[in-house]
Amino acid sequence: MEKNWLEILNWDNSAVDDLRYVAFSYIKQGVYDVALTFFEAIVVLAPANAYDLQTLGALHLQLGNGAKALDYLDRALKLDPAHLPTQINRAKALFMLGQKRQAILQAEELEKASDKEIAASASALLLGYR
């Protein structure tokens, strides 16, 4: 049985939102290791949501932790399978881990995205790894 840490600490969701705000501030400053610590605490305190998992995946990707990035990105995609930024980060994580074939397949699909920024990112990834 999972513990309800918010209840144990007598916190409400606004306290978690405050932690998210602080964590995001560290991201904006480029202090990714500290932001990572905050987001890891947030996913323990609050029920998992796609935003927190996507952010954890992106932070691990930024810090070069491909396996952890992929784990969090996959968990985020289970909650929000259509989120294109998470999909592009997943392709990046796959390339980082040397899973080139799977990464290329995902990037090729993303090249077809109607979101021009995502399609351009996918094209750039493919140019770099083909």
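Right above here is the structure, for reference.
In what follows, the accompanying structure is described. (Residues numbered from 1 in each chain as written. Predicted model: local features only at pLDDT ≥ 70, side-chain atom pairs only at ≥ 80, totals over all residues. Heavy atoms only, no water.)

**Structural notes on the overall build of the chain**
Consideration 1: Scanning the chain for helices and strands turns up 8 helices and 0 strands.
Consideration 2: N-terminal to C-terminal, the α/β element order of the chain is α-α-α-α-α-α-α-α.
Consideration 3: On the principal axes, the C-alpha backbone points of the chain span a range of 50 × 30 × 25 Å.
Consideration 4: Burial analysis of the chain (130 residues in total) assigns 38% to the buried set.
Consideration 5: When contacts within the chain are restricted to residue pairs at least 6 apart in sequence, those whose partners lie at least 24 apart make up 42%.
Consideration 6: Looking at the chain as shown, the accessible area adds up to about 7800 Å², and 54% of this sits on carbon and sulfur atoms.
Consideration 7: Positive and negative charge centroids in the chain, built from 13 and 16 side chains respectively, lie 9 Å apart. (Helix = DSSP H or I, 4+ residues; strand = E, 2+ residues; numbered from the N terminus. Buried < 20%, exposed > 50% of the residue type's maximum accessible area, 1.4 Å probe, protein only. Contact = heavy atoms within 4.5 Å. Areas by Shrake-Rupley, 256 points an atom, 1.4 Å probe, with all protein chains shown as cover. Lys, Arg positive; Asp, Glu negative; His and termini not counted. Charge placed at Lys NZ, Arg CZ, Asp CG, Glu CD.)

**A short note on the side chain of arginine 20**
Consideration 1: The topology assignment puts arginine 20 in helix 2 (residues 13-29).
Consideration 2: Arginine 20 gets classed as buried once you look at its relative accessible area, which sits at 17%.
Consideration 3: Here the side chain of arginine 20 touches aspartate 17 through a polar contact of 2.8 Å, side chain to side chain.
Consideration 4: Setting aside residues no more than four positions away along its own chain, arginine 20 makes contact with Phe39, Ile42, Asn49, Tyr51 and Asp52. (Polar contact = N/O pair within 3.5 Å; in protein donor to acceptor, adjacent residues only side chain to side chain.)

**Observations concerning the packing of aromatic side chains**
The relation between two aromatic rings is expressed through the spacing of the ring centres and the mutual angle of the planes.
Consideration 1: Across all of its chains, the model carries 3 aromatic pairs by this definition.
Consideration 2: For the ring pair tyrosine 26 and phenylalanine 38, a centre distance of 5.8 Å and an interplane angle of 25° mean the geometry is stacked. With tyrosine 26 in helix 2 and phenylalanine 38 in helix 3 (residues 32-45), this residue pair connects regions lying 12 residues apart in the sequence.
Consideration 3: What makes phenylalanine 38 partly exposed here is its relative accessible area of 24%.
Consideration 4: Centroid distance phenylalanine 95 to tyrosine 129: 3.9 Å. Interplanar angle 10°. Geometry classified as stacked. (Phe/Tyr/Trp six-rings, centres within 6.5 Å; stacked < 30°, edge-to-face > 60°.)

**Some points on the nonpolar core**
Consideration 1: Ala69, Ile88, Ala93, Phe95, Leu110, Ile118 and Leu125 are the most contacted members of the largest nonpolar core, which totals 18 residues.
Consideration 2: Where this core is concerned, the elements lending two or more residues are helix 5 (66-79), helix 6 (84-96), helix 7 (100-111) and helix 8 (116-129).
Consideration 3: Apart from residues no more than four positions distant in its own chain, alanine 69 is found in contact with Gly57, His60, Leu61 and Ala93.
Consideration 4: One finds Ile42, Ala46, Leu56 and Tyr72 within the second-largest nonpolar core, a separate group that totals 16 residues. (Core = buried A, V, L, I, M, F, W, Y, C linked by side-chain atoms within 4.5 Å.)

**A few points about the environment of glycine 66**
Consideration 1: Inspection of the secondary structure assignment puts glycine 66 in helix 5.
Consideration 2: Classification of glycine 66 as buried rests on a relative accessible area of 5%.
Consideration 3: Along the sequence, glycine 66 and lysine 116 sit 50 residues apart, while their C-alpha atoms lie 25 Å from each other.
Consideration 4: Contacts of glycine 66, omitting those with residues within four sequence positions, involve Ala93, Met96 and Leu97.

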